[in-house]
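Chain by chain, the residues:
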Number of protein chains: 2
Amino acid sequence: MSEPSGSSLARSTLARLRARIASGEWPVGTRIPTEPELSELLGVGRSTVREAIRSLATLGMVETLTARGTFVRSATPAPTLLVNALSAYEPAELIGLRRALDVEAAQSAAAHWTDGDLEAMESALREETEHARRAVAAVQGRGTHCARFHGAIAQASGNRLLSDLDASLSTALETAGLADQIAASIDVAVRIDEHDRLFTAIRGRDVAKAAHHMALHVDAALRGLSHKPVATDLTTLVAPAQRTPSARREAAS
Amino acid sequence: MSEPSGSSLARSTLARLRARIASGEWPVGTRIPTEPELSELLGVGRSTVREAIRSLATLGMVETLTARGTFVRSATPAPTLLVNALSAYEPAELIGLRRALDVEAAQSAAAHWTDGDLEAMESALREETEHARRAVAAVQGRGTHCARFHGAIAQASGNRLLSDLDASLSTALETAGLADQIAASIDVAVRIDEHDRLFTAIRGRDVAKAAHHMALHVDAALRGLSHKPVATDLTTLVAPAQRTPSARREAAS
DNA sequence: TGTTATTTGTTCGTATGTATG
DNA sequence: TCATACATACGAACAAATAAC
């Protein structure tokens, strides 16, 4: 697999625990045996068990709650590793990836959303509108609703990788303190209007228009970060999206 | 950071060790202090140190050799972890990400390539052409050259994240045995012709056309995988690209 | 409210195998 | 071969947090 599968007992113990989780013997959400139980079950010392469990925790596969036990959180280490990998990059680079993912997700979502996906997107959009109406002039610059709608779109793409990366990116942007900044850079009414048009395009299975609106939307949100060196350059990327749908005249080149 | 930074001593110890490595206090290749030394240095017990070190090893940042000590292998979580994370997803999902990254990279590359980037792309393209001319009817279905050109474009985007993800994706596709399949799905002459047009667009700073050609190119390469369940759906995404500018050029060729 | 049992958190001592000189 | 240093591994013991009664 992934691990060097070293010869040390702790490593092999990690591999054995991981295998049990991956096989579904200990499903996500359930509690695994206590440390003394595992010690006897696997025939290794408790210290060794703890090292293995700690490794599983850093992989994001389990979470251990003091005096409560350790619980399975994910059958694979993937999402956590993605978040970890993203944390090593500059904000401008993260934003570049977000544009790539969101545009692709919008296209893919338009191509094959299911009834459940549509429901989720509609719900997120409705809740966002409702919330904006209630707390009109309030602080309300939170990007939570925006992220929820985008997350629903990523989900609707039917591509777990896109969805996971999107969620990981949101986390990374959040910890980088950029989420609020992005949310504040665009007027709430405008944002909801853009979301509305985007949703209409996706619901109508119009892949091209979905890509177009998403590109416009992301670029608009990014324009607020124009003081960032690279983000400035990214705003020039609005051009293709604007020209693409109706640029028949270009064909003659 | 990425870690939950839990309140446990082991977690904070992991964070402290990780910070020392990231700061360069313990450079890559060097040996970190022994466990008893770390125990005293950090003011925690040896078992706690061991758990933290084991986690670092799981992240690929250190490697511990029996009776020799533990050595720093990487200042950040190992890149191989990214490949690892990607390998947990379905081929169709990987391909969806590739489309997103490549299209974005093409746009960004067109927006701000440097002289060095242009040189690299031109070199890769020239070598590809040369190689195709020499080994005309040979086996030569290798995707190596294709990957090199795409890698050069990702590099020219100026976004390390896009570049790294692109490289990781190539590796993941390679290990999944999909690289050759993709390369074989498109005629060499057609591929080089598409690369040529793509390069011309990028060199001309035409962001829109770069995005368009890249989308067409990726979709064309993906069409060969139409027997895959989800990949079939992905080919429907050709639609937006075909409706745009040079769809008729494709019909002509 | 408080008491008790369970479970994880942390430390320490010790034994063992292995690499180095 | 021997001695030293170090990582590996085990288990005992106590602390702290949590849940159930």
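Quick note: structure is the one above.
The rules we used
- Residues numbered from 1 in each chain as written.
- Chains lettered and ligands numbered in written order.
- Predicted model: local features only at pLDDT ≥ 70, side-chain atom pairs only at ≥ 80, totals over all residues.
- Heavy atoms only, no water.
- Helix = DSSP H or I, 4+ residues; strand = E, 2+ residues; numbered from the N terminus.
- Buried < 20%, exposed > 50% of the residue type's maximum accessible area, 1.4 Å probe, protein only.
- Contact = heavy atoms within 4.5 Å.
- Near = heavy atom within 4 Å.
- Polar contact = N/O pair within 3.5 Å; in protein donor to acceptor, adjacent residues only side chain to side chain.
- Nonpolar A, V, L, I, M, F, W, Y, C, P; charged D, E, K, R; others polar.
- Core = buried A, V, L, I, M, F, W, Y, C linked by side-chain atoms within 4.5 Å.
- Axes fitted to C-alpha atoms, helices over the stretch in contact; angles between N-to-C directions.
- Parallel < 35°, antiparallel > 145°, perpendicular 65-115°, else oblique.
- Phe/Tyr/Trp six-rings, centres within 6.5 Å; stacked < 30°, edge-to-face > 60°.
- Lys NZ or Arg CZ within 6 Å of the ring centre and 35° of its normal.

Asker: Can you explain the environment of Leu165(A)? Please cite residues and give values.
Answerer: Structurally, Leu165(A) can be placed in helix α8 (residues 160-175). Relative accessible area serves as the criterion here: at 1%, Leu165(A) is assigned to the buried category. Residues Leu165(A) and Leu86(A), spaced 79 residues apart in sequence, show a C-alpha to C-alpha distance of 9.2 Å. The residues contacting Leu165(A), other than those within four sequence positions of it, are Leu82(A), Leu86(A), Leu101(A) and Leu97(B).

Asker: Please give an account of the protein's contact with DNA strand C that cites residues and values.
Answerer: Of all residues adjacent to DNA strand C, which total 23 residues, the nearest are Leu9(B), Gly45(B), Ser47(B), Thr48(B) and Arg68(B). A breakdown of the atoms of DNA strand C within 4 Å of the protein gives sugar and phosphate a share of 67%. Take Glu35(A): an N or O atom from its main chain is 3.1 Å from a phosphate oxygen of DNA strand C. At a separation of 2.4 Å, a phosphate oxygen of DNA strand C approaches a polar side-chain atom of Thr48(B). The set of elements that each furnish at least two residues to the surface near DNA strand C consists of α2 (35-42), α3 (46-58), β1 (62-65) and β2 (69-72) of chain A together with α1 (9-22) and α3 (46-58) of chain B. For the surface near DNA strand C, the element with the highest residue contribution is α3(B), accounting for three residues. Grouping the amino acids of the surface near DNA strand C by side-chain chemistry returns seven nonpolar, 10 polar and six charged.

Asker: Residue-level account of the nonpolar core, with values.
Answerer: Counting residues in each nonpolar core, the largest one holds 122 residues, and the members touching the most others are Met121(A) and Met121(B). Those residues within four positions of Met121(B) in sequence are excluded, and the remaining contacts are Trp113(B), Phe149(B), Ala152(B), Ile153(B), Ala156(B), Phe199(B) and Ile202(B).

Asker: Would you mind going over the packing of α8(A) against helix α5 (residues 91-111) of chain B in detail, with residue names and values included?
Answerer: Axis separation between α8(A) and α5(B) bottoms out at 8 Å; the angle between their running directions is 55 degrees. Taken as axis vectors, α8(A) and α5(B) run oblique relative to one another. Residues Arg160(A), Leu161(A), Leu162(A) and Leu165(A) of α8(A) lie in contact with α5(B), whose contacting residues are Glu93(B), Leu94(B) and Leu97(B). Split into classes, the residues belonging to the contact of α8(A) with α5(B) amount to five nonpolar, no polar and two charged.

Asker: So, the protein's contact with DNA strand D: which residues are in play, and what are the values?
Answerer: Near DNA strand D lie 21 residues; those nearest to it are Leu9(A), Thr48(A), Ala67(A), Arg68(A) and Thr64(B). Per the 4 Å cut-off to the protein, sugar and phosphate atoms form 74% of the nearby atoms of DNA strand D. Contact distances for DNA strand D include 3.2 Å between a base oxygen and a side-chain N or O atom of Ser47(A). Side-chain polar atom of Arg68(A) to a phosphate oxygen of DNA strand D: 2.7 Å apart, as the coordinates give it.

Asker: Report on the packing of aromatic side chains, specifying residues and quantitative values.
Answerer: Throughout the structure, instances matching the rule amount to zero aromatic pairs over all chains. Above the ring of Trp113(A), the side-chain terminus of Arg205(A) is found at 3.8 Å from the ring centroid.

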